[in-house]
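# Architecture and fold: a report
Listed here are the chains, written in short residue letters.
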Amino acid sequence: MDTHPDTTETDQAHHHALDRIAHVTLRAGAILAQSGASVRVVHEGALMIAGGLGVEVLGMRSGYASFEITLERGRHTITRMMQIGPHGVNHRLDFAVRDLVLRASRGGMTPEEIESELDRLQRDTPRHPPWLVAIATGAACAAFGRLLGADWLSFVPMLAAAGIGQRIRHWLLGRRVNVFVVAAIIGCIAATLGGLGARLAGSGTIELAMMASILLLVPGVPSTNAQTDVLDGYPTMGSARAVWVIMIMVFAVTGLWVAEFVLRIHV
């Protein structure tokens, strides 16, 4: 009769411990996914953290907006799910979390210590200032424009248009404007500025300048991850990423069409 309360308390303690492990494992996976990691990397990271904390992973499921995991320790199991925020690209944070995962997999860290480290990484991982990103983005788009055949007269207009577009995109996304609407807005603004600038500079490749000015909207990492996920055996996630990429391009091209109408240029 006296063993029943103790057994219940022990079960509750095991349940709470598994819950803490599931939470920190899911959070690490969610940060990896939001930073641009493929599903395989997310799952391997979760497996390594769980192993370092002494539990077995019975199953995982990755969706575009959620991550689910089932853990087991002894006769106790638990299933938890966590929402994944907007997908982006942050290689510094991605590799910092991968390094943390590697350290956690060796054992000796508690769930609380891992979560505290995740908080620190999200807070302190350095980021390039927005103005520098804008300049670099503009230079990259202008360079691609030259590779595509745009003349030198359009180089500076392409650089300026793409740089301004990137800065406005950063501002809009920071205010949680829908990412597809942002693609259309930036497609229109960057293409209009690039085309107008190229025309005023006397360029003979105005159409190419307009197209190069919106290359910042091409989702390169998500496109690669979509293919990688399918090849790694995660067709559902790969398809979801591919649909997202297609939608971004549709809205970006819509913005380009509006810019062509504004400038009365028919490509």
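Structure's up top.
Model, not experiment: these values are computed from the prediction. (Residues numbered from 1 in each chain as written. Predicted model: local features only at pLDDT ≥ 70, side-chain atom pairs only at ≥ 80, totals over all residues. Heavy atoms only, no water.)

### Overview of helix α6 (residues 155-174)
Helical periodicity: at 3.6 residues per turn, an α-helix aligns residues three or four positions apart in one direction. With 20 residues, α6 ought to run about 28 Å at 1.5 Å a step, and its terminal C-alpha atoms sit 29 Å apart, in line with that. Among the residues of α6, those classed as buried are Pro-157, Met-158, Ala-161, Ala-162, Gly-163, Gly-165, Gln-166 and Leu-172. Tucked inside the fold, the buried residues of α6 contact α5 (130-148), α7 (179-200) and α8 (206-213). (Helix = DSSP H or I, 4+ residues; strand = E, 2+ residues; numbered from the N terminus. Expected span 1.5 Å × (residues − 1). Buried < 20%, exposed > 50% of the residue type's maximum accessible area, 1.4 Å probe, protein only. Contact = heavy atoms within 4.5 Å.)

### Examining the pattern of salt bridges
Using the criterion set out here, one finds 14 salt bridges in the structure. Glu-115 serves as the salt-bridge partner of Arg-27, at 3.3 Å between the closest nitrogen and oxygen. Residue Arg-27 is found in helix α1 (residues 3-34), and its partner Glu-115 is found in helix α4 (residues 111-124); the two are separated by 88 residues along the sequence. Given a relative accessible area of 14%, Arg-27 falls into the buried group. Several salt bridges share partner residues, and in doing so they unite Arg-20, Arg-27, Glu-112, Glu-115 and Asp-119 into one network. (Salt bridge = Lys/Arg side-chain N within 4 Å of Asp/Glu carboxyl O.)

### With respect to the sheet that holds strand β2 (residues 66-73)
The pairing of strands in a sheet comes from backbone hydrogen bonds and takes either a parallel or an antiparallel form. Ordered in space as β1-β2-β3, the three strands form an open sheet in which the pairing is antiparallel. Each of the sheet's edge strands pairs with one partner strand only, and the pair in question is β1 (56-62) and β3 (76-83). Neighbour to neighbour, the strand axes of the sheet diverge by 15 degrees on average, direction disregarded. Across eight bridges, the pairing between β2 and β3 is antiparallel. Within β3, the residue paired with Glu-72 across the bridge is Thr-77. With respect to the sheet, helix α2 (residues 39-52) is in contact with β1 and β2, its orientation differing from that of β1 by roughly 155 degrees. (Pairing = 2+ DSSP bridges. Axes fitted to C-alpha atoms, helices over the stretch in contact; angles between N-to-C directions.)

### A closer look at the nonpolar core
In a soluble, globular protein the nonpolar side chains are often hidden away together inside. Core analysis: the largest hydrophobic core is formed by 35 residues, its most contacted members being Ile-49, Ile-69, Leu-71, Val-97, Ile-114 and Leu-118. Listed by contribution, the elements that provide at least two residues to this core are α1, α2, β2, β3, α3 (91-105) and α4. No other element matches the 10 residues that α1 contributes to this core. The residues touching Leu-118, leaving out its near neighbours within four places in the chain, are Val-24, Arg-27, Ala-28, Ile-31, Val-97 and Leu-100. (Core = buried A, V, L, I, M, F, W, Y, C linked by side-chain atoms within 4.5 Å.)

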